[in-house]
Amino acid sequence: GRGETVRSGSDITLLAFGTVTLTAERVADALAEQGISAEVINARFAKPLDADLILESVRRTGALVTIEEGARAGGFGSALLELLSEHALQIPVQTLGIPDRFFDHASQTSLRTQAGLMFDDLLAAAQTVLARRASSTVLEPLGVAQAR
C-alpha cells in the first residue's frame, strides 16, 4: 500500500486514514490562514504502512497528528507511534480516533462529536502539537491524546 500526499507542507503532518482525509484538508486550510503550512497525507492503507512517505514527511515537519475513525488503542495511530519509535524519532504527536469506551447508537455526526473527530477537534489537536513543538528546544517524547 502506498499513501498519497494530498497537500505538501512544512510545519506539521496531518496523517489521515479513511473518510477523515477531507476534514484534514479543511484543517490545513484553516492553519494556512494562520500562516501554518500543513502537509496532508491520505494513508489509504493501514497495512502495510507507507513508511518511506510517512518518515520523510515527519522528519521534515517535526510534528504529527494522526486521524482515523477506527479504534485509537491498537489502531492506526498506535502503528504510527511504533514506526516512529523504531526510527528513534521523538516528535510531538497526537493520535485521534475512537476512544476505548461504549457509544450509544447515534448519527454519524453525533458519534464523531463524541469521539472528538470533528473539525474543531482536529484543529485543536494540530495547534496543541505545534505549541508543544514550539515550546521545547528539544523535541518532546511521543504522546498519545487523552481519552475523552
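Conventions and cut-offs
Residues numbered from 1 in each chain as written. Predicted model: local features only at pLDDT ≥ 70, side-chain atom pairs only at ≥ 80, totals over all residues. Heavy atoms only, no water. Buried < 20%, exposed > 50% of the residue type's maximum accessible area, 1.4 Å probe, protein only. Helix = DSSP H or I, 4+ residues; strand = E, 2+ residues; numbered from the N terminus. Contact = heavy atoms within 4.5 Å. Pairing = 2+ DSSP bridges. Right-handed = clockwise from strand over helix to strand, strands pointing away. Salt bridge = Lys/Arg side-chain N within 4 Å of Asp/Glu carboxyl O.

Draft legend 1. Up close: helix α2 (residues 51-61). Restricting attention to buried positions, one finds in α2 the residues L53, I54, L55, S57, V58 and T61. Looking at the buried residues of α2, the elements they touch are β1 (4-7), β2 (12-17), β3 (38-42), β4 (64-71), α3 (76-86) and α5 (119-134).

Draft legend 2. Main features of the pairing of β4. The pairing of β2 with β4 spans five bridges and is classified as parallel. Looking at β4, one finds that T13 is bridged to L64. Of the strand pairs in this sheet, β4 and strand β5 (residues 93-98) are connected by five bridges, and their pairing is parallel. Paired with L64 across the bridge in β5 is V93. The parallel pair β4 and β5 is bridged by α3, and the resulting crossover is right-handed.

Draft legend 3. How the structure looks around the pattern of salt bridges. In this structure the tally under the stated criterion is five salt bridges. In this structure, E39 engages R60 in a salt bridge whose closest nitrogen and oxygen atoms are separated by 2.9 Å. In this pair, E39 is assigned in strand β3 and R60 in helix α2, connecting sequence segments 21 residues apart. The class for E39 is buried, based on a relative accessible area of 2%. R60 sits in the partly exposed class, given a relative accessible area of 36%. Bridged by salt links that share partners, the residues E39, E56 and R60 form one connected network.

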